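Tertiary structure, described
This is what each chain is made of:
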Amino acid sequence: MEHKQPKLEVKNKQLIEKDGFTFKDLNNNGKLDPYEDWRLSPEERAKNLVSLMNMDEKIGVMLINTRRMGLYQEDKSKTSHDGVLDEGIVEKGESIFATSKVYGTTHTIKDRHLRHYILRDNFSPAETAEWINTMNEVAEATRLGIPVIVASNSRNENGESIFGMNDAIGIFSTWPGTLGLAAAAMGDIKNGKDASIISEFAKIAHDEWNATGLRKGYMYMADVVTDPRWQRTYGTFGEDPEFIADAIGRIIDAFQGETLGKDSIAMTTKHFPGGGPRENGFDPHYKEGKWNLYPTPGSLEKYHLPPFRAAVEHGTSSIMPYYSIPSIKKSVYQEFEGEDIPFEEVGFAFNHYFLEDILRGKLGFKGYINSDSGIVNNMSWGVESLSVPERFAKAVNAGTDIIADTNDIENLKEAVDNGWISEKRINEANERLLTEMFALGLFDNRTYNSPENADKVVNTPAHWDAAYEAHKKSVTILKNSKETLPLTADKLEGKKVYMKAYHKDTEHAATYTEQALADAKELGQFELTDAYEEADIAILFLQPKSGTYFNATPGLLELGLCENKSLKAMDGSPYQETTLSDIEHLNTVAENIRSRGGKVIISVNVSLPWLLGNVEPLADALVAGYDTFFKAQLEIIAGNDGPTGVLPLTLPASEEVIAVDENGNCASRNDVPGYDKDKYMPEGMGYAYKDSDGNVYKLGHGLQYNGFR
């Protein structure tokens with residue numbers, strides 16, 4: 001086999017020559033070791049490196065921790081390398097993930113031997129590249145010269161910044177939310193095309209990540225939405241398992257390529273075996289949401305596992321199990337490929353049968369298993385009675401190879417020292433983890449990346465243009481009474497337009513209103529007025545918010561658009577909930593304009609499957625966006641383009657169809673997607689919302705304009 005010399009760069013070690021080729025002498029011993037030989041396979045190199053590592057080094061490789069950049073550190077005396085690296089110390093308990101003390105970057109690399117890091121900061125591509133380069137410079141100087149790898153949650157979707165989901169927004173090319181990508185792609189499929197827009201999105205995002213040296217994506221969510229109150233719905237691709245499987249396959253193909261190589265972004269598909277079947281929406285970041293329920297025969301295999309099968313078939317580099325526990329009491333038995341699944345009531349990262357028998361055995365997964373953040377501390381569901389070292393042992397022995405968002409080497413080491421984890425298992429985990437790093441070229445010509453090139457690639461105008469097209473394609477017309485839309489020039493002639501955004505937070509609402517007005521002025525197609533009393537048309541953007549996924553709401557998550565609504569908590573005590581402020585003003589505007597024969601267009605940001613019963617009747621036209629730019633929505637409203645987006649999930653009809661009885665049972669099945677819930681609804685009850693025009697807001701619904709394609 002002919003070998004091509006890669007271009008190698010070293011900062012702290014020497015290059016050596018052998019057989020007419022150049023290699024890095026990463027362990028400074030003056031000879032070529034197999035792990036330094038780029039001609040060998042990643043597997044061979046990983047095996048050799050593991051044989052040279054001591055137990056402390058192996059333990060460090062099995063942890064991944066959040067790492068801040070030096071730019072984030074306000075006290076510049078707590079930085080090194082001209083402010084690039086953060087050397088500050090975070091004491092235990094400062095956040096729900098700071099469950100052990102966090103040390104400075106240099107100490108963590110050199111003395112704690114961690115090599116996997118999660119970036120949640122949002123600085124420029126060049127600054128990110130320089131930061132990763134500098135960490136690798138520190139790592140290169142260590143005994144074996146093992147480089148670092150940096151992971152991140154997705155960075156290419158629009159939305160409001162949320163730790164652990166949308167950590168970073170607006171720096172990389174900014175597309176609609178994942179539900180919006182699904183709406184756009186499913187609209188194309190409905191029009192006889194395919195989901196290529198997902199492939200285009202992933203290809204562009206890949207190029208941007210690759211240029212900055214971010215080589216590991218904690219994405220995407222292959223979870224199928226089945227419980228409408230699940231707070232993480234907006235990060236999914238909706239409720240259709242077949243579509244999600246196609247989307248996940250396309251994403252892995254575009255980010256990783258056919259095989260993992262020097263230009264791949266390694267994917268971590270999450271959250272196995274699917275986080276959709278919640279117990280009435282409660283999330284397993286807190287104890288109230290620790291259960292996955294399967295009350296419906298065959299639901300796990302039929303609805304929840306297909307996207308993970310696709311992820312494995314497309315070679316996803318790693319898989320992240322969910323925090324939750326499969327409930328025996330609230331489920332019926334489930335089977336996979338004809339065999340009953342034994343439910344052990346422990347979180348999936350501790351669940352040997354799910355990881356080894358289903359994921360590795362039946363699905364044939366070959367990569368590594370990456371736990372979700374905090375499983376040995378706050379989110380240790382089902383193993384709360386075990387000590388932290390015992391939890392480490394339980395997870396690793398169940399098949400989890402790397403534990404997320406911790407630098408707790410002491411407790412993992414204690415589990416090994418006590419003989420609870422074999423060295424063979426520790427070696428296996430290390431070989432899997434290091435094989436990925438070798439395949440990505442991190443030991444060779446991809447250790448360092450050009451900061452200038454990173455900025456150049458991310459600022460490619462074609463990337464942003466493609467993202468904007470996706471925003472337009474995501475726009476979904478739910479209702480269009482008497483062809484209110486499009487607001488073409490003839491319909492707008494002599495008409496004044498009032499525009500306002502509403503949000504749970506009134507300050508956010510003011511900012512969004514400003515943005516919408518600026519976008520409308522830029523388009524120049526509307527004669528705007530600040531006084532709704534003189535307006536002929538209102539365009540109102542609704543950005544409701546409900547709950548957070550780090551804290552349980554006192555009662556069930558509210559999906560109605562409401563202000564100061566009186567509710568009952570789970571313990572029976574009264575409380576009030578707001579998902580949208582100034583609803584009275586919204587009603588006043590709509591009634592005033594319609595009483596004078598004007599038209600009201602309402603856009604709802606579908607981040608959750610909202611109950612629309614109190615706003616749909618106010619609207620002559622109802623639009624759905626998914627963290628979709630206002631400007632893109634206004635272009636569709638004005639008819640600059642025809643609408644093609646469709647709903648990626650079903651919107652529930654009413655409170656009744658999602659009502660939960662005193663025994664905690666929901667009127668609609670927690671483990672069945674919206675499009676199939678009617679099979680299990682009580683007699684005479686339909687799950688999907690039906691509007692005053694007779695449109696049914698179920699999966700795939702989206703109106704088009706006459707004469708547009």
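Anyway, here's the lowdown on the structure attached to this text. Worth saying up front: this structure is predicted, and the values here are computed from it rather than measured.

Quick notes on the rules
- As a convention, each chain's residues are numbered from 1 in the sequence order in which they are written.
- Confidence filtering applies because this is a predicted model: local features only for residues at pLDDT of at least 70, side-chain atom pairs given and counted only at 80 or more, and all residues used for totals across whole chains, interfaces and linings.
- Where side-chain values are given, they derive from all heavy atoms of the structure, hydrogens and water being excluded.
- Helix and strand assignments follow DSSP, with helices taken as H or I runs no shorter than four residues and strands as E runs no shorter than two, numbered in order from the N terminus.
- Using C-alpha atoms as the atom set, the radius of gyration is obtained and then compared with a globule rule of 2.2 Å times the number of residues to the power 0.38.
- Each residue gets one of three labels from its accessible area relative to the maximum for its type: buried under 20%, exposed over 50%, partly exposed in between, using a 1.4 Å probe on protein chains only.
- Method for areas: the Shrake-Rupley scheme with a 1.4 Å probe, in which residue coverage is limited to the protein chains shown.
- Should a side-chain nitrogen of Lys or Arg be within 4 Å of a carboxyl oxygen of Asp or Glu, the pair is scored as a salt bridge.
- Two strands form a pair only when DSSP identifies at least two bridges running between them.
- Patch rule: a residue counts if its relative accessible area is over 30% and it has no salt bridge; like charges are joined within 9 Å, and nonpolar side chains (Val, Leu, Ile, Met, Phe, Trp, Tyr) within 5 Å.
- Charged residues are defined narrowly, with Lys and Arg counted positive, Asp and Glu counted negative, and His plus the chain ends left uncounted.
- For charged residues, the charge sits on one atom: NZ in Lys, CZ in Arg, CG in Asp, CD in Glu.
- In this description, contact between two residues means that some pair of their heavy atoms is separated by no more than 4.5 Å.
- Only buried residues count toward a nonpolar core, which is a set of Ala, Val, Leu, Ile, Met, Phe, Trp, Tyr and Cys residues joined through side-chain atoms within 4.5 Å.
- Axes here mean lines fitted to C-alpha atoms, for a helix over just the part in contact, with angles spanning 0 to 180 degrees between N-to-C directions.
- Angular relationships are summarised with four words: roughly parallel below 35 degrees, roughly antiparallel beyond 145, roughly perpendicular across 65 to 115, and oblique for the angles in between.
- Each crossing gets its hand from how the near helix is turned against the far one by less than a right angle, where anticlockwise is left-handed and clockwise is right-handed.
- Residue polarity is assigned by list, with Asp, Glu, Lys and Arg as charged and Ala, Val, Leu, Ile, Met, Phe, Trp, Tyr, Cys and Pro as nonpolar; anything else, Gly included, falls into the polar class.
- Definition of a polar contact: a pair of N or O atoms within 3.5 Å, with one able to donate and the other able to accept a hydrogen when the atoms are protein atoms, and with sequence-neighbouring residues admitted only if both atoms are side-chain atoms.

Next up on the list: the overall build of the chain. Scanning the chain from N- to C-terminus turns up 19 helices and 24 strands. Its C-alpha atoms give the chain a radius of gyration of 26 Å, near enough to 27 Å, the size a compact globule of 709 residues would have. Along the longest, intermediate and shortest principal axes, the C-alpha atoms of the chain span 85 × 55 × 50 Å. Classification of the 709 residues of the chain by burial places 63% in the buried group. Carbon together with sulfur atoms contributes 48% to the accessible area of the chain, which is approximately 25800 Å² in total.

Here Glu74 is to be found in the loop between strand S3 (63-66) and strand S4 (79-80). When the C-alpha atoms of Glu74 and Gly88 are compared, they prove to be 9.8 Å apart, with 14 residues separating the residues in sequence.

What follows covers the pattern of salt bridges. One pass over the structure, following the stated rule, counts 42 salt bridges. For Asp401, the salt bridge identified is with Arg432, shortest N-O distance 2.9 Å. Here Asp401, found in the loop between helix H11 (388-398) and strand S16 (402-404), pairs with Arg432, found in helix H13 (residues 423-439); they are 31 residues apart in sequence, far enough to count as distant. Taken as a pair, Asp401 and Arg432 share a single burial class, namely buried.

With that settled, consider the pairing of strand S17 (residues 476-480). Extensive coverage of S17 is indicated by the burial of 5 of its 5 residues. Judged from the 4 bridges that link them, S17 and strand S24 (residues 621-625) form a sheet pairing that is antiparallel. Paired with Lys479 across the bridge in S24 is Leu622.

Our next topic: the sheet that holds strand S6 (residues 116-118). Spatial strand order, S3-S6-S7-S8-S9-S11-S15-S16: 8 strands in a closed barrel with parallel pairing. Across 4 bridges, strand S9 (residues 266-272) lies against strand S11 (residues 318-321) in parallel orientation. Across the sheet, the residue bridging to Phe272 is Pro321, located in S11.

This part covers a negative patch on the surface. A grouping of Asp82, Glu127, Glu130 and Glu452 is seen on the molecular surface, where their side chains present a negatively charged patch. Take Asp82: it is sitting in the loop between S4 and strand S5 (85-86).

What follows is about helix H1 (residues 42-52). Every buried residue of H1 is accounted for by Arg45, Ala46, Asn48, Leu49 and Val50. Elements that come into contact with the buried residues of H1 comprise helix H2 (55-61) and H13.

With that out of the way, let us pick up the nonpolar core. If you look at the biggest cluster of nonpolar residues, it comprises 128 residues, and the most contacted ones within it are Ile198, Phe237, Phe243, Phe272 and Leu434. The biggest single contributor to this core is helix H7 (residues 241-256), with 8 residues. Those residues within four positions of Leu434 in sequence are excluded, and the remaining contacts are Ala46, Leu49, Val50, Met53, Val61, Ile146 and Phe443. One finds Ile593, Val600, Leu608 and Leu622 within the second-largest nonpolar core, a separate group that totals 45 residues.

Let us now look at the packing of H1 against H13. Running from amino to carboxyl end, H1 crosses H13 at an angle of 130 degrees, the nearest separation of the two axes being 8 Å. Viewed along their axes, H1 and H13 adopt a mutual orientation that is oblique. H13 is crossed by H1, and the crossing has right-handed handedness. Contacts from Pro42, Glu43, Arg45, Ala46, Lys47, Leu49 and Val50 in H1 reach Asn427, Asn430, Glu431, Leu434, Thr435, Phe438 and Ala439 in H13. Along the lines of polarity and charge, the residues of the contact of H1 with H13 split into 7 nonpolar, 3 polar and 4 charged.

Turning our eyes to something else, we now look at the side chain of Ser154. Locating Ser154 in the fold gives a position in the loop between strand S7 (149-152) and helix H5 (178-190). In this structure the side chain of Ser154 is engaged in a polar contact, spanning 3.2 Å, whose partner is the side chain of Glu157.

Strand order across the open sheet formed by 6 strands is S17-S24-S23-S20-S18-S19, with mixed pairing between neighbours. This sheet does not close on itself; its edge strands, each paired only once, are S17 and strand S19 (527-529). Geometrically, the sheet is characterised by an average inter-axis angle of 25 degrees between neighbouring strands, direction not taken into account. Bridge count for strand S18 (residues 496-503) against strand S20 (residues 537-543) is 7 bridges, and the pairing is parallel. From the neighbouring strand, His503 faces S20, where its bridge partner is Gln543. Across the sheet, helix H17 (residues 506-523) touches S18, S19 and S20, and the angle it forms with S18 is around 145 degrees.

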